[in-house]
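Listed below, chain by chain, are the residues.
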Amino acid sequence: MSDEIRLAAARVSDLAAVMRVMDAAFDPAYGEAWSGAQLFTLFALPSARVALAWDGERPCGFYAARIAGPESELLLLAVDPSDRGRGIGARLIGDWQIWADAQGADDYFLEMRADNDAVHLYARAGFSECGRRPAYYRGGDGVVRDAITMRRSSTGM
């Protein structure tokens, strides 16, 4: 494990690397992980970006986001559990916002399971809850959970 984390736009040839992080990071009990086919579709969209964090030659995190008019939505963000606490999530959020700014976004949104510990990461990045969908997610464990929507505007950056 090195201290030098490199971020780069993912290519279709990186799909296996993205899936490796997704499989490690997303607990199957929640049913949040995307399939390789779902991720593959993002590579064809000019309004979407998938970016990877690399520790040397090993993928350790990624995000997927899209632009819709003046808004950008974070679709997925994951850090390999063995790499959490190294600031990789914050760097991925920063990279997303730099990319989205360059695309003309001025509002940033994400949705997540209400009991997801990542809420603290997003709050530190300036996001705040702006909506809630009761009983929105039904996990593989059979538990129904609320979804929260979080927002950050570029004026608050």
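A short tour of the structure in this document, coming up.

**Section: the pairing of strand 4 (residues 71-79)**
- With seven of nine residues buried, strand 4 is to be regarded as a mostly interior element.
- Relative to strand 4, strand 3 (residues 58-68) runs antiparallel, the two being bridged by eight bridges. Paired with A68 across the strands is E71, a residue of strand 4.
- Count of turn residues in the strand 3/strand 4 antiparallel hairpin: two residues, of which G69 carries a positive phi of about 65°.
- Two strands pair when backbone bridges link them, and strand 4 and strand 5 (residues 107-113) are joined in this way by four bridges, in the parallel orientation. Note on strand 5: the bridge partner recorded for E73 is F109.
- Regarding the hand of the β-α-β motif, the stretch spanning strand 4, helix 3 (residues 88-102) and strand 5 is right-handed.

**A word on the packing of aromatic side chains**
- Here the structure, examined in full by the defined rule, presents four aromatic pairs.
- Ring centres of Y122 and F127 lie 6.2 Å apart, and the angle between their planes is 75°; on these two criteria the pair is classed as edge-to-face.
- A relative accessible area of 3% means that F127 is categorised as buried.
- Where Y136 meets Y137, the ring centres are 5.1 Å apart and the plane angle is 85°; that geometry is what we call edge-to-face.
- One aromatic cluster is present, formed by W96, Y108, Y122 and F127 through successive ring pairs.
- Stacked on the ring of Y30, the Lys or Arg R113 has its end atom at 3.5 Å from the ring centre.
- Residue placement shows R133 over the ring face of Y136; its charged tip is 5.1 Å from the ring centre.

**Some details on the pattern of salt bridges**
- A full pass over the atoms with the stated rule returns 15 salt bridges.
- A salt bridge links R113 to E32, with the shortest nitrogen-to-oxygen separation between them at 2.9 Å. One end of the pair, R113, is in strand 5; the other, E32, is in the loop between helix 1 (15-25) and helix 2 (36-42), with 81 residues separating them in the sequence.
- A relative accessible area of 7% places R113 in the buried class.
- Here R86 and D83 are joined by a salt bridge, their closest N and O atoms 2.7 Å apart.

**Digging into the environment of A123**
- Checked against the element boundaries, A123 lands in helix 4 (residues 119-124).
- Given a relative accessible area of 45%, A123 falls into the partly exposed group.
- As a C-alpha pair, A123 and A48 span 75 residues in sequence and 23 Å in three-dimensional space.

**Here we look at the sheet that holds strand 3**
- Overall, mixed pairing links the seven strands, which are arranged 1-2-3-4-5-7-6 in an open sheet. At either end of the open sheet lies a strand with only one pairing partner, and these are strand 1 (5-9) and strand 6 (128-138). Adjacent strand axes in the sheet meet at a mean angle of 25° when their direction is disregarded.
- Alignment of strand 2 (residues 48-55) against strand 3, held across eight bridges, turns out to be antiparallel.

Cut-offs used in this document
- Residues numbered from 1 in each chain as written.
- Predicted model: local features only at pLDDT ≥ 70, side-chain atom pairs only at ≥ 80, totals over all residues.
- Heavy atoms only, no water.
- Buried < 20%, exposed > 50% of the residue type's maximum accessible area, 1.4 Å probe, protein only.
- Helix = DSSP H or I, 4+ residues; strand = E, 2+ residues; numbered from the N terminus.
- Pairing = 2+ DSSP bridges.
- Right-handed = clockwise from strand over helix to strand, strands pointing away.
- Phe/Tyr/Trp six-rings, centres within 6.5 Å; stacked < 30°, edge-to-face > 60°.
- Lys NZ or Arg CZ within 6 Å of the ring centre and 35° of its normal.
- Salt bridge = Lys/Arg side-chain N within 4 Å of Asp/Glu carboxyl O.
- Axes fitted to C-alpha atoms, helices over the stretch in contact; angles between N-to-C directions.

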